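Descriptive structure summary
One letter stands for each residue in the lines below.
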Amino acid sequence: MKRRSGLQAAREQIVWIAALIGSTAIVVQLERLDLQQVGTALTENPFIGSGPEVLTLLDQVRGTDDGSDLALAQRATALTMGLMLDARPDARPDALRAEAARTLLLLETRIAERDDLLLRSAAALLAAALTVGDDRPSP
Amino acid sequence: MQAERATNWTRVTRFERQEPWDIDAPGPVRMALWQALATSSLVFGAWYIWWRWTASLNPDALWFSVPLVVAETMAFLGLVLFTVNLWTPRGPKPGILPVTLADTVDGSHGPDRPIIVDVFFATYNEDPELVRKGLIAAKALAYPHRITVKIHVLDDGRRPAMEAVARAEGVNYITRADNVGYKAGNLRNAMEQTVGDFIVICDADTIVFPDFLTETMGYFRDPRMAWVQTPQWFWDIPPGTPIWAAWRRRFGRVGAGLGHGLEWLFGPIRIGADPFANDPQMFYDFIQRRRNWANASFCCGAASIHRREAIMETAVRIWAERVARDTLADDSAAARLTGELVIFDAVRDSARMNRAREIDFTPFKLHVSEDIYTSIQMHSDRERRWRSVMHPKIVSRMMSPSDLLSWTIQRYKYAGGTLDILHNDNPLFRRGLSLPQKLMYAATFYSYLSPLWNVMFLIAPIIFLTTGIAPVATFSLEFFLHLIPFLLLNEMAQLAGLWGTSVMSGRRWYMAMFPVTLGALWAVLRGHRIAFRVTPKDRAAGRFLRLVRWQLVFCIAILASLAVGWIRFAQGEPGYSLGAIITNTLWSANNLMSLWVIIRAATWTPDPEFDLPVMEGYRDETA
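This is a predicted model, so every value here is computed, not measured. All chains use their own residue numbering, which begins from 1 and follows the written sequence. Starting at A for chains and at 1 for ligands, labels are handed out in the order in which the entities are written. This being a predicted model, a pLDDT of at least 70 is required before a residue's local features are given, and a value of 80 or more before pairs of side-chain atoms are given or counted; all residues contribute to the totals for chains, interfaces and linings. To get the side-chain values, take all heavy atoms of the structure and skip hydrogens and water.

Our focus in this paragraph is the interface of chain B and chain A. Contacts between the two partners involve 32 residues from chain B, matched on the other side by 25 residues from chain A. What gets called buried area is simply the loss in accessible area from a 1.4 Å probe that two parts show on being joined, summed for both. Between chain B and chain A the total buried area reaches about 2,700 Å² when both faces are included, carbon and sulfur atoms providing 70% of it. Counting the surface chain B buries against chain A, the share from its top three residues, L477, W499 and M504 of chain B, is 20%. We define a salt bridge as a side-chain nitrogen of Lys or Arg found within 4 Å of a carboxyl oxygen belonging to Asp or Glu. Counting the contacts that link chain B with chain A gives one salt bridge. Salt-bridge contacts for R508 of chain B lead to E12 of chain A; the nearest nitrogen and oxygen are separated by 3.0 Å. Between N or O atoms, a polar contact is any pair within 3.5 Å; within protein, one atom must be a potential hydrogen donor and the other a potential acceptor, and residues adjacent in sequence are included only when both atoms are from side chains. Where chain B touches chain A, the interface holds six residue pairs in polar contact (both at pLDDT 80 or more). Where helices and strands are cited, they refer to DSSP runs of H or I of at least four residues and of E of at least two residues respectively, numbered from the N terminus. Mapped onto the side of chain B that touches chain A, the elements with two or more residues apiece are helix 17 (477-497), helix 18 (503-512) and helix 22 (578-602) of chain B. Among the elements that line the side of chain B that touches chain A, the one with the most residues is helix 17 of chain B, at nine residues. When checking whether two residues touch, look at their non-hydrogen atoms; a contact exists if any pair is within 4.5 Å.

What follows is the structure, given as structure tokens:
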């Protein structure tokens, strides 16, 4: 009788413990999904198969830019890819670097407003690509 | 109906059976588990608090961050003290029942004789017929050896009807010309007119069981035992409406069936049971009882038995100390006034005599919380080293407050009285108390400061949800990894350590009564008398929403903030991450559930089918 009455008295506490565990599981899962999303955004090209050329990719990304963080990160990633290619498909490589610099500035402004892992990662890659470009001898 | 219920105990609560709780008797395994979990919880808690201070503050919102982390730190300190309080249930055991007075004292106290016990019923304006029931029960006190039991009615109301009842029952009637000192003064007046070796304290509604003396007198084999407190069990706590009955009223037979099904799964479910959380199982069977090892369980008034010698000796000692202290102050004042370096002995003696006449001699400390104050004084008597014990068995019963106004007045006085002691005669600095005793009393007094940080816990999620400003650097996984182990271990520890009582109910009320305690604290800090102002409409209302106005305000604010927060989250506004919104939603839900208990109590009315038979059953009792 003591055990049964003890269980009855502890019902609410058991539910509370379950809620704590459940909410923790939700947050952990959300964090995992968040990280996966970041990884996916950085590694997957949503326009894959649409055009092998980086220039084509850049045009597509610019064309579908809706101002969101994801679109900005994709644009930054495409610019990074463009800068990292040895062959400059763009007839005006300085224009590409200038666009990359403008995009990096925009990224940094957004990051100052909200610290987003995706934006930070994209900004870091783009900054690194710009630095590499600075080290290269000009054609 | 009660007889039918009694046979089906699996689906009948002890409130319905009008039986007290099962006394906690933890085995060594459960105690070891409790202590291990509690220690782990405190270690992880300390780690969490350290991380909060060193790595989690929001530098852009320190005005918010710092107060919250201070509140968390204060709450954690309270948890440490609570853990110390609950550490172990070991304590003194009663000896064999004393036969004569010589079995209860040390050394010679004159010719040996049977023990004399005075039973005091302190009353003021209670129904004399109610007191009569207590008197009849007291006359049935049993003891296997020759003993003299004298019963006294201490009537501060000076009522002819009460005197008539006392005379009819053949007990002594004592009254006085004034009401100085409230109950303490009433008791002192009675002590001057009685001679019992031991004194049983009863309230007007106390019904002692025949085994009260046989359960308690054994402790007085120890000549240093000053008093024994027993649980104040309320036998008339509303049991609530069974869920099957509530749903039957609303949804008919289908509802009743569903209700029965739920109860089959989860056990008895009662709506509105113990609406004022009056059941004191947690307090007596766990908190008070586990102070026994430290000799720190304090007197709670009714249902206690005291050694007269201890009360009088302590009173004399304190009176003498005060006379000496005030005389010294007079010496200094006289020296300043006259410029004399030395005061003549004759002058000093005269001043001392005047002081002795002026200073009241108070066996029970004249204070609204005379019980705990007197206990502190006795515990700090290093010369006599008085002991006390909380005896776990229920050997009496009383009636519980049945409306929120009565409850509020009672809690306000407890809070105000205790805080007044903390403010004016802090036991932590009192000479004579041992370290364990100081820690135990610290746990009690500290708990009355809790509204200071509980209010912060109520406000914090509201601020975040409405502004998006977080009190922590991030509500990310890192936050959860630091917090959750502590919370879970704490819950598991309390599950093990407090098995058999409802922990959540206590926590809810602890949070919900913050305005009462804050009000008492404010009164103490301003030096006001501890008295709760009651307006005529309070008594007439029957529903006491005015008493819970602050809780209502917070409920509305919480609900509004939840709406704002989720809307802003859905709109993708900065600052509203999913982790943060989930955390603060859970936090707000917990706060709402805590506040809801007292709001529900303010509007509670007894169920005529299930509550009233229990609450009014005393009317049908016969001797």
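All names here are of chain B. Two strands pair if DSSP finds at least two bridges between them. Read from one edge of the open sheet, seven strands run 3-2-1-4-9-6-10, paired in mixed fashion. In this open sheet, the two edge strands, each paired with only one partner strand, are strand 3 (172-174) and strand 10 (387-390). For this sheet, the mean inter-axis angle between neighbouring strands, taken without regard to orientation, is 20°. Both strand 2 (residues 147-155) and strand 3 contribute to a ladder of three bridges, which runs parallel. Only the stretch in contact is used when a helix axis is fitted, and all axes are lines through C-alpha atoms; the angle between N-to-C directions ranges over 0 to 180 degrees.

All names here are of chain B. Counted by the stated rule, this structure contains 33 salt bridges over all chains. R290 is the partner of D24 in a salt bridge, and the nearest nitrogen-oxygen pair spans 3.0 Å. On the criterion of sequence distance, the pair formed by D24 in the loop between helix 2 (14-17) and helix 3 (28-55) and R290 in the loop between helix 10 (281-288) and strand 9 (304-307) is long-range, its members being 266 residues apart. Residue burial is assigned from relative accessible area. The probe radius is 1.4 Å, only protein chains are included, and a residue is buried under 20% of its type maximum, exposed over 50%, and partly exposed in between. On the basis of relative accessibility, which here comes to 0%, the residue R290 falls in the buried class. Linking R188 and E192 is a salt bridge whose minimum nitrogen-to-oxygen distance equals 3.9 Å. Remark: E192 and R188 occur in helix 7 (residues 182-192); sequence separation between them is four residues, near one turn of the helix. Given a relative accessible area of 17%, R188 falls into the buried group.

Residues and elements named next belong to chain B. The contact between helix 4 (residues 62-86) and helix 17 brings their axes to 13 Å, and the two run at 30°. Considered as vectors, helix 4 and helix 17 are oriented roughly parallel to each other. The interaxial crossing formed by helix 4 with helix 17 has left-handed handedness. Note on element contacts: helix 17 touches helix 4 through F486, N490 and Q494, opposite F76, L79 and F82. Its residues placed into classes, the contact of helix 4 with helix 17 shows four nonpolar, two polar and no charged. Geometric relationships in this document are graded by angle, where less than 35 degrees denotes roughly parallel, more than 145 denotes roughly antiparallel, 65 to 115 denotes roughly perpendicular, and other angles denote oblique. Crossings are sorted by hand: turned counterclockwise from the far helix by less than a right angle, the near helix makes the crossing left-handed, and turned clockwise it makes it right-handed. Under this grouping Gly is polar, as are all residues other than the nonpolar Ala, Val, Leu, Ile, Met, Phe, Trp, Tyr, Cys and Pro and the charged Asp, Glu, Lys and Arg.

Right, let's talk about the environment of A71 of chain A for a bit. All names here are of chain A. Among the structural elements, A71 can be located in helix 4 (residues 69-84). Residue A71 is classed as buried on the basis of its relative accessible area, which comes to 8%. Between the alpha carbons of A71 and A25 there is a distance of 30 Å; along the sequence they are 46 residues apart. If sequence neighbours within four positions are ignored, A71 has contacts with V61, D65 and D66.

Before going further, it helps to examine the side chain of S41 of chain B. If you trace the backbone, S41 of chain B turns up in helix 3. With near-sequence residues (within four places) excluded, S41 of chain B lies in contact with L79, F486, L489 and N490 of chain B.

Residues and elements named next belong to chain B. The phi angle at R158 is positive, at roughly 50°, despite the residue not being glycine. Look at R158 and you get partly exposed, because its relative accessible area is 40%. With phi around 50°, A277 is a residue other than glycine that occupies positive phi space. Mapped onto the elements, A277 comes out in the loop between strand 8 (270-271) and helix 10.

What follows is about the environment of I372 of chain B. Residue and element names in this part refer to chain B. Along the chain, I372 falls in helix 13 (residues 370-379). Take I372: its relative accessible area is 7%, and that puts it in the buried class. Measuring from C-alpha to C-alpha, the distance between I372 and T104 comes to 24 Å, with 268 residues separating the pair along the chain. If near-sequence neighbours (up to four positions away) are discounted, I372 is found in contact with F298, C299, I421, Y441, T444 and F445.

Residues and elements named next belong to chain B. The span one expects for a helix is its residue count, reduced by one, times 1.5 Å. The end-to-end C-alpha separation of helix 16 (residues 451-467) is 24 Å, in line with the 24 Å expected for 17 residues at 1.5 Å each. Here helix 16 lies mainly inside the structure; 13 of its 17 residues are buried. After helix 16 finishes, the residue G468 shows a positive phi value of roughly 80°.

Attention now goes to the packing of aromatic side chains. All names here are of chain B. Think of it this way: a Phe, Tyr or Trp ring, Trp meaning its six-membered ring, pairs with another when their centres are within 6.5 Å, and the plane angle makes it stacked under 30 degrees, edge-to-face over 60, tilted otherwise. In the structure shown here, the tally under the stated rule is 20 aromatic pairs over all chains. Centroid distance F76 to F486: 6.0 Å. Interplanar angle 75°. Geometry classified as edge-to-face. Linking F76 in helix 4 with F486 in helix 17, this pair joins segments that are 410 residues apart in sequence. Taken as a pair, F76 and F486 share a single burial class, namely buried. Members of the aromatic cluster, each reached through a chain of ring pairs, are Y48, W51, F76, F479, F480 and F486. If you follow R291 out to its NZ or CZ, it ends over the ring of Y441, 5.2 Å from the centre. Over the ring of W235 we find R397, and its NZ or CZ is 3.6 Å from the ring centre. Remark: a charge is flagged as sitting over a ring if the NZ atom of Lys or the CZ atom of Arg is within 6 Å of the ring centre and within 35 degrees of the ring normal.

Residues L404, F479 and I598 of chain B are the most contacted members of the largest nonpolar core, which totals 67 residues. With sequence-adjacent residues up to four places away left out, I598 of chain B is seen in contact with L404, W407, W509, A512, V548 and Q551 of chain B. For the purposes of this section, nonpolar cores are sets of buried Ala, Val, Leu, Ile, Met, Phe, Trp, Tyr and Cys residues that join through side-chain atoms within 4.5 Å.

The subject of this paragraph is the confidence of the model for chain B. All names here are of chain B. Here chain B averages 89 in pLDDT, and 92% of its residues register 70 or above. When mean pLDDT is compared element by element in chain B, helix 8 (residues 212-216) scores highest at 98, while helix 1 (residues 2-7) scores lowest at 41. Counted against residues more than four places away or in other chains, residues 1-9, with its pLDDT under 50, gives twelve contacts. Interface confidence for the predicted complex, given as ipTM, is 0.82, next to a pTM of 0.81. pLDDT runs from 0 to 100 and stands for how confident the predictor is about each residue.

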